[in-house]
Amino acid sequence: MKSVRNALNRRAKGEKGFTLVELIVVLVILAILAALLVPALTGYIDKAKEEKIIAETRMTVMAAQTEVDEAYAIAKGFSAKVEAAGASGAAVDKFSIGDQEVNTSAILTLAEVKGTITEITVESDGHIAKLTYKDANGKTCTYTKATKADAGTYKAN
């Protein structure tokens, strides 16, 4: 009680500033707030990264479907399922739809992404059944077509 009275007396005399105890209390409060906020913020960051790769995979699937549709329209009589996969998660450079070649670099350019396609499956009707995309940081996401009514599912790994 005496230290509080001394602090009040000093302020009454015109001395300005904070005592060491007041500064320590403020720092302790800030440290507690930081300890509570950091885990919450890292959760938001992880979720944002996952949403980013899913968005990039969606763009890649749409671009792949566009390129496959173009090749499918030109390749007459195409009726085979196409599967292309890189060895041990390596990038697929190109695959064929009938007599038409589809370069994955054209797909990635159209999608405006910087990753790679490590696996792609095209059904005999020309629809993308499965696509695995790996972003520049090495994180992967797989699109799988579910049913005709469902647009498909995206699963980030």
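Throughout what follows, the structure given in this document is the object of discussion.

Parameters at a glance
Residues numbered from 1 in each chain as written. Predicted model: local features only at pLDDT ≥ 70, side-chain atom pairs only at ≥ 80, totals over all residues. Heavy atoms only, no water. Pairing = 2+ DSSP bridges. Helix = DSSP H or I, 4+ residues; strand = E, 2+ residues; numbered from the N terminus. Axes fitted to C-alpha atoms, helices over the stretch in contact; angles between N-to-C directions. Contact = heavy atoms within 4.5 Å. Phe/Tyr/Trp six-rings, centres within 6.5 Å; stacked < 30°, edge-to-face > 60°. Buried < 20%, exposed > 50% of the residue type's maximum accessible area, 1.4 Å probe, protein only. Parallel < 35°, antiparallel > 145°, perpendicular 65-115°, else oblique. Left-handed = near helix turned anticlockwise from the far one by under 90°. Nonpolar A, V, L, I, M, F, W, Y, C, P; charged D, E, K, R; others polar. Arc of directions from axis to C-beta. Expected span 1.5 Å × (residues − 1). Bend = angle between axes of the 7 residues up to and from the residue.

### Topic: the sheet that holds strand β5 (residues 128-134)
Taken together, the five strands give an open sheet; going across it, the order is β1-β4-β5-β6-β7, and neighbouring strands pair in antiparallel fashion. Looking at strand neighbours, the two that pair on one side only are β1 (82-85) and β7 (153-156), the edges of this open sheet. Recorded for the sheet is a direction-independent mean angle of 15° between the axes of neighbouring strands. Sheet topology places β5 next to strand β6 (residues 140-144); five bridges connect them, and they run antiparallel. Within β6, the residue paired with Lys-134 across the bridge is Thr-140. Strand contacts of helix α2 (residues 20-74): β4 (116-122), β5, β6 and β7, with the helix running at about 130° to β5, the strand carrying the most contacts.

### Digging into the packing of aromatic side chains
For the coordinates displayed, the defined rule picks out one aromatic pair. Ring centres of Tyr-143 and Tyr-154 lie 5.1 Å apart, and the angle between their planes is 45°; this geometry places the pair in the tilted category. Linking Tyr-143 in strand β6 with Tyr-154 in strand β7, this pair joins segments that are eleven residues apart in sequence.

### A word on unusual backbone geometry
Residues other than glycine seldom take positive phi values, yet Glu-112 does so here, at roughly 60°. Its location among the elements puts Glu-112 in the loop between α3 (104-111) and β4. The exposure class assigned to Glu-112 is exposed, which follows from its relative accessible area of 71%.

### Quick look at the packing of α2 against α3
Direction vectors running N to C along α2 and α3 enclose 125°, while the axes themselves pass 8 Å from each other. The orientation of α2 with respect to α3, classified from their angle, is oblique. The two elements α2 and α3 meet at a crossing, and its hand is right-handed. Residue-level inspection shows Met-59, Thr-60, Ala-63, Ala-64, Thr-66 and Glu-67 of α2 in contact with α3, the latter providing Ala-106, Ile-107, Leu-108, Leu-110 and Ala-111. Of the residues belonging to the contact of α2 with α3, the class tally is eight nonpolar, two polar and one charged.

### Side note on the side chain of Thr-57
By secondary structure assignment, the location of Thr-57 is in helix α2. Not counting residues within four places of it along the chain, the set of residues in contact with Thr-57 comprises Leu-131, Tyr-133, Cys-141, Tyr-143 and Tyr-154.

### Side note on α3
When α3 is considered as a whole, its buried residues turn out to be Thr-104, Ile-107, Leu-108 and Ala-111. One side of α3 holds all its buried residues, which, seen down the axis, span an arc of 95°. Turning to α3, the residues buried within the fold contact α2, β2 (94-97), β3 (100-103), β4 and β5. Two residues or fewer past α3, Glu-112 is found with a positive phi of approximately 60°.

### What to know about α2
A turn of α-helix holds 3.6 residues, and therefore any two residues three or four places apart point the same way. The terminal C-alpha atoms of α2 lie 79 Å apart, and with 55 residues this matches the ideal 81 Å at 1.5 Å per residue to within 8%. The largest bend in α2 comes to about 25°, at Leu-37, with the proline Pro-39 one to four residues further on. For α2, every residue scored as buried is listed here: Ile-53, Ile-54, Glu-56, Thr-57, Thr-60, Val-61, Ala-63, Ala-64, Gln-65, Val-68 and Ala-71.

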